[in-house]
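Here is what each chain is made of, one letter per residue.
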Amino acid sequence: MSAFLDKLWYSKDHPLQWVLRPLSWVYSGVVSSRRYFLQRFSQINCPVPLIVVGNITVGGVGKTPLVIELAKRIQQKGLRVGIVSRGYGAATKHFPYEVHVNDSAIKVGDEPLLLAQKTKCPVVIAPKRTEAVRYLLENHQSQIIISDDGLQHYRMGRAIEIAVIDGTRGLGNGLCLPAGPLRESAARLELVDFIVVNEGKWHKDSNTVSMKDPHSAVTFQNKSNTYPMVLRPGKIKKLGTDEEIDPHKLNEKWEAIAAIGNPQRFYSTLLQLGIEFDTCSYPDHYQFKPDDLNYTKSLIIMTEKDAVKCRAFSSDNMHYLPVDAVLDDAFWDALWLHQQLKGYC
């Protein structure tokens, strides 16, 4: 199914696109009407600045590393940061729920657990994010709250919207669901405060971000609110001990495992590091079982998001690759100068 949708959404003039276009128009109209109603009649304002990091496409674009970097940067300014998340796939049914660093990914979801472990901030999950926001205010007196995803959760008032775009795939064919990958039309990007392009090509002289996908239907010229981001790989670590290792000193075969929205980005990073490997992709947020990783004759390398799901049954041949979000100083300067953050940061 994933391969089929990639061909439908990210290829040029797939025949099924024309069949599904009317449904896309209906979907876009419903989404726009819903946004209008919720923003005007049902939105709950937050008494402290709330930053939403989201996207308008289906699938992973690199939001979680950006949320981690945002939380760390704001904490460095001496502020109490709280993070809210839907907790996709979480087994717990008691919401709002505060994530603990020793929770299982099955219980709370892989991304919330990674956020808690990497930022040391209180992370609260709830399908209704407004409940998680209220919990943070009442129990942690958070001074700034970051929402991991939630751009379309319009009942939750926000001070700043950051939309993240996958620069390697762009917006695909530029169509809304089901004919394309868009949750909302591309025009929604004109309303956000910041656009962050993960791995996009940034031309400062023309203030243009060019998407690497030649079939991308959209090129953005959004004045000064578009910024590039790269995910910088760290040292490969053993899953069981977090010991750093040099892959070039190990003359063994690697099996690259990925259960993320765009596994090709992970594989491309490994190629850039000079690692030879075979690939094995799973659906995003897939909950691994020990039998899934029974590669006795290969070393296993996975993303950090996948690693949090495998620690309970880690073995000596399992490794992971951490990444950090890196953005230009121009982005951070613009963020701190944003009207909604003045007096806080």
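The numbering scheme is per chain: residues are counted from 1 as the chain's sequence reads. Only residues with pLDDT of at least 70 get local features here, since the model is predicted, and only at 80 or more are side-chain atom pairs given and counted; chain-wide, interface and lining totals rely on the full set of residues. As a rule here, side-chain values cover all heavy atoms of the structure and leave hydrogens and water aside.

UniProt feature "binding site: ATP" (unreviewed entry): in the numbering of this structure it lies at Thr57, Val58, Gly59, Gly60, Val61, Gly62, Lys63 and Thr64. Checking the annotated residues one by one, the ones that line the largest cavity turn out to be Thr57 and Val61. Helix and strand assignments follow DSSP, with helices taken as H or I runs no shorter than four residues and strands as E runs no shorter than two, numbered in order from the N terminus. With respect to the secondary-structure elements, Val61 resides in the loop between strand S1 (50-54) and helix H3 (63-76). Three labels apply to residues, based on accessible area from a 1.4 Å probe with only protein chains included: buried if under 20% of the type maximum, exposed if over 50%, partly exposed otherwise in between. Under the relative-accessibility criterion, Val61 is labelled buried at 2%. Within the secondary structure, Thr64 sits in helix H3. Given the relative accessible area of 8%, Thr64 is considered buried. UniProt positions are given in the numbering used here, feature names are shortened, and annotations may be inferred rather than shown by experiment. We place a 1 Å grid over just the protein atoms. Points where a 1.4 Å probe fits but has no way out form a cavity, open points with protein on both sides within 12 Å along at least 5 of 7 lines form a pocket, and any residue with an atom within 4 Å of a point lines it.

Attention now goes to empty space enclosed by the protein. Grid points are joined across faces, edges and corners, and a volume is the space filled by probe spheres set on the points. If you walk through the whole model with that rule in mind, you get one cavity of 30 Å³ or more. Lining the largest cavity, in full, are Asn55, Ile56, Thr57, Val61, Ala163, Val164, Ile165, Asp166, Gly170, Leu171 and Leu189. Grouping the constituent residues of the lining of the largest cavity by class yields seven nonpolar, three polar and one charged. Following the grouping adopted for this structure description, the nonpolar residues are Ala, Val, Leu, Ile, Met, Phe, Trp, Tyr, Cys and Pro, the charged ones are Asp, Glu, Lys and Arg, and the polar ones are all others, Gly among them.

As a further point, take the packing of H3 against helix H9 (residues 329-336). Orientation is described by lines fitted to C-alpha atoms, with helices fitted over the stretch in contact, and by angles between N-to-C directions that extend from 0 to 180 degrees. The contact between H3 and H9 brings their axes to 13 Å, and the two run at 60 degrees. With respect to their mutual orientation, H3 and H9 come out oblique. In the packing of H3 onto H9, the handedness of the crossing is right-handed. Together, Glu69, Leu70, Arg73 and Ile74 of H3 and Phe331, Trp332, Leu335 and Trp336 of H9 make up the contact between the two elements. Residue classes in the contact of H3 with H9 are distributed as six nonpolar, no polar and two charged. Roughly parallel means an angle under 35 degrees; roughly antiparallel, over 145; roughly perpendicular, 65 to 115; everything else is oblique. By convention the crossing between two helices is left-handed if the near helix lies anticlockwise of the far one by an angle smaller than a right angle, and right-handed if it lies clockwise. Note on contacts: a residue pair is in contact if any heavy atoms of the two residues lie within 4.5 Å.

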